Amino acid sequence: MKQVYRLPRGGLYLSNLKDSLKDLPITNAALPPLAIVSMVQQGSEEATCLVNIGDEVKEGMLIGKGKGKYGASVHSSIPGIVRQIYSIPLPGGSVSPAVCIELGGEFDRLGKKEIPAAWQALPYRDLQNLIAEKGVTDSSLRREGDLSHLIINGIESEPYLCSEYRLLIEKPAAIIEGIRILQKILAPKRTIVVLEEMDQQELSSKASPPSLHTLSEQEAIQIAYVEKKYPIGDAHQLKKIFKSEDSSNDILVISLTTVHAVYEAVVLRKPFVERTLTIGGQAIRKPGNLKVRIGTPIIDLVEECGGFRKPPMKVVCGGPFRGKGIYDLRTPVTKETSAVLFLTEEEIQQNRRTPCINCGRCIEVCPEGLNPSRLFKCIDRGLYKEALADSLMKCTECGCCAYICPARIPLVQGLQMGKYWGLKEINT
Amino acid sequence: MKESENTFIITGTPQIYTQSSTARMLWSVCIWLLPATGWGIFLYGGGAIRILLVSIGAAIAIEGVVGLIRKEFTLYDGSACLTGLLIGLMLPPTVPLFIPFFAVFFALIVVKWSFGGLGKNWMNPAVAGWAFVSLSFPDQFRLWLYPSFFKGVDLVTSSTPLIVVKRNLLLGISQGSTPMELLMQTAFPRSLWDGAWTEWVNTKLLSLLGIVLPPGYIDFFFGFTPGAIGETSAFLLLLGTIALIGKGILPWQVPLSVCSVFGVLVYIFGGLPYGLGLGQGDVLFHLMSGGFLLGAFYIGTDLVTSPLTKAGLYIYGVGIGVLTFLIRILGAAPEGMGYAILFMNVFVPLINKYCTSNSKLLR
């Protein structure tokens, strides 16, 4: 009997928001006539721009050099001519310089046969450099020394997101190869692929061969199942679950998107210039899972997906819990855009804010066992120290409490503010 | 690009919320109280309508005036309307119209708004308002009505079953008979249907189990007894509660613990005042009388004045059950539910203190 790991406490069952999107195969989005490639990717440090206006760039050419020893590089996602270099707003409100490339010229890779390169002989340090060079920005890959658990996170715990699920179904061979590369770099004692609880048949019937299961038997890859509950796919929660099995806490959690990017960087020597993402929400006519070039403006994706069915109230980059809203549809896709959601008023359920009615639901759903209502009231009255004493710092800002709150109290923002002011008060 | 067509809102995380909201929850409770309200109006006619109109109207007016003074519109959240409705349902159908007004005034002004409005009151406003008028004007609470279609008689003043039983107990009339037998002995009127339905239940359903239902309980279950406007029909109250608990609006922990603790205590000790032995208490009679179900289902479950966690809700429910038993069976007051809730309201902060994350004692 297979064991299903559960979230120790709290959490929300929301997998129904994924069901309609799960079975949509990954399709290639049209190439953008204009790509806007941000120099800040995945929240890493800004890369140094290497091109000027008027320069001709090739597909996959280095256009931004990462700072520092392992700084991740930025590549041109399409061939063409640099038309502009200007500041753009990123989801979440920060501003980054970006290179605007107009499509034109020859493709070096598109449509050509990809020849896998041998990597087994390379030392781990060269692999690390290769990965950073190709623009994979996950800093945890740069670690040195032994690791007890490598957890491959095959769950997108937020509702709507399912591009990684599609990768797992459609490209298991690439994922397995990617895991092998990571095993070589990180030398973990155990490798665990964490998947959402589903029936074995579902996976083996949908996944193209070789399936992860048959391979896991021969290799040192273990498969673990977890329940479908948000936020079990958070690295923090997975670490907590697997830490209890082993006293060691030397655990690394890596997402499937990164595994796939590592595979492409090492085996295909292909820079990180495209990713799969989910287009969802009730406002879009044809939701789906798309393979999109980095820098594609979101407005192009709207056209790709048949335009709007209803006017969206919010456009969100990322999942509905931790994703950020955007106000301009020209905002480009970045390496961390796991989804673009076009949400209608009915999906958002904004409603009016009322006073707290002490229903206790926030306590019930908090995966950290906190009392968000009380913490918020403390912070609201400026009692930061009391909030900190109530383990405010354990809050991971998963948003379960704010989602469930019938009074629509901005608990996540309140607790964030409390952490900021509380730490400030302690430090002075 | 037609930019003017696309204006999106930007908010903090999370980007989506659950369907339920404060207003939706409170209005749902109001709506699921309507069957019991309708039953009260059907039984008592114009008198009930006038009392309900005054209590709900006063609640809306007072909340509106407070809103004007505080410059915030709070009527949409449904809490004032629910308080008004509950107070109306807890009153006898004969009270003069200043009673509901006073009760609502006390509930909203003294209990709710003087502490800062919805969510900040530490006592249930509806029960507090009811307790205020029932203690201030006890004479107005002595007049109850037989519903119009009792055997031939038309709206005759009477007493509630619990008051009759209590009075007889105090007079020492009833040795060795259950409360229901006591009612029968004192010629408490029964509806035209009770006999036939009891027989049907006995022959068709209970005969399979070898149990016999004595007469009288069918009246209690469907609400053919004198009592407050909305408290008599166990059936309709149960219907609304099942709907509300099913939708996840009311916590089921309170009704469960109140009813089971009270039921067990009544079963074991409830027979003693009647000269019966241990384990001879009449559970059904006590569960379906004296506003017990209205209190356990709709008032004890009030989110604002009940504890935050599941463990807390159980403790709170057990407390209400025990206190109701003590007041009703051992004390002089016939009903006890309202006072038990008020009493436990006072302990909610203490319960919360030991049941939330601060202390790992009762998580």
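The preceding data block contains the structure.
From a predicted model like this one, the values you see are computed outputs, not experimental measurements.

What counts, and at which threshold
Residues numbered from 1 in each chain as written. Chains lettered and ligands numbered in written order. Predicted model: local features only at pLDDT ≥ 70, side-chain atom pairs only at ≥ 80, totals over all residues. Heavy atoms only, no water. Helix = DSSP H or I, 4+ residues; strand = E, 2+ residues; numbered from the N terminus. Buried < 20%, exposed > 50% of the residue type's maximum accessible area, 1.4 Å probe, protein only. Areas by Shrake-Rupley, 256 points an atom, 1.4 Å probe, with all protein chains shown as cover. Contact = heavy atoms within 4.5 Å. Salt bridge = Lys/Arg side-chain N within 4 Å of Asp/Glu carboxyl O. 1 Å grid on protein atoms, 1.4 Å probe; cavity = no way out; pocket = protein on both sides within 12 Å on 5 of 7 lines; lining within 4 Å. Points joined across faces, edges and corners; volume = space filled by probe spheres on them. Nonpolar A, V, L, I, M, F, W, Y, C, P; charged D, E, K, R; others polar. Polar contact = N/O pair within 3.5 Å; in protein donor to acceptor, adjacent residues only side chain to side chain.

A. Broad picture of the overall build of chain B. Helix and strand counts for chain B come out as 15 helices and two strands. Considering only C-alpha atoms, chain B reaches an extent of 85 × 50 × 45 Å along its principal axes. Buried positions account for 56% of the 363 residues belonging to chain B. With an accessible surface of roughly 15100 Å², chain B has 70% of that area assigned to carbon and sulfur atoms.

B. Highlighting helix α2 (residues 124–133) of chain A. Residue and element names in this part refer to chain A. Along α2, the residues that are buried comprise L127, Q128, L130, I131 and A132. Those residues of α2 that are buried are in contact with α4 (172–186) and α8 (256–266). Looking one or two residues past α2, G135 carries a phi angle of roughly 90°, positive in sign.

C. Here's a closer look at the pattern of salt bridges. In this structure the tally under the stated criterion is 21 salt bridges over all chains. Measuring nitrogen to oxygen at the nearest pair gives 3.1 Å for the salt bridge that ties A:E170 to A:R166. One end of the pair, A:E170, and the other, A:R166, are both in helix α3 (residues 163–170), four residues apart, so they sit about a helical turn from each other. With a relative accessible area of 27%, A:E170 lands in the partly exposed category. Exposure remark for A:R166: the relative accessible area of 8% places this residue in the buried category. Residue B:K112 is joined to B:E63 by a salt bridge in which the shortest nitrogen-to-oxygen separation is 3.3 Å. Here B:E63 lies in helix α2 (residues 46–70) and B:K112 lies in helix α4 (residues 98–112), a separation of 49 residues in the sequence. Judged by relative accessible area, B:K112 falls into the buried class, the value being 2%. Among the residues examined, B:E63 registers a relative accessible area of 1% and is labelled buried. Look at the salt bridges and you will find they share partners, linking A:E59, A:E264, A:K270, A:E274, A:K291 and A:R293 into a network.

D. Looking closely at the layout of surface pockets. Taken as a whole, the largest pocket spans an internal volume of roughly 1200 Å³. Lining the largest pocket are 39 residues; nearest its centre among them are A:E158, A:S255, A:R322, A:E336 and A:S338. Listed by contribution, the elements that provide at least two residues to the lining of the largest pocket are α3, β13 (251–255) and α8 of chain A. Ranked by the residues each element gives to the lining of the largest pocket, the list is headed by β13(A), at three residues. A breakdown of the residues in the lining of the largest pocket according to their chemical character gives 10 nonpolar, 19 polar and 10 charged. Taken as a whole, the second largest pocket encloses approximately 990 Å³ of empty space. Taken together, 40 residues make up the lining of the second largest pocket; nearest its centre are A:G360, A:R361, A:E364, A:V365 and B:K310.

E. How the structure looks around the side chain of A:D234. Residues and elements named next belong to chain A. In this fold, D234 is placed in the loop between β12 (221–226) and α7 (235–243). Among the polar contacts listed, one links the side chain of D234 to the side chain of R322, at a separation of 2.2 Å. Not counting residues within four places of it along the chain, the set of residues in contact with D234 comprises S157, R322 and C398.

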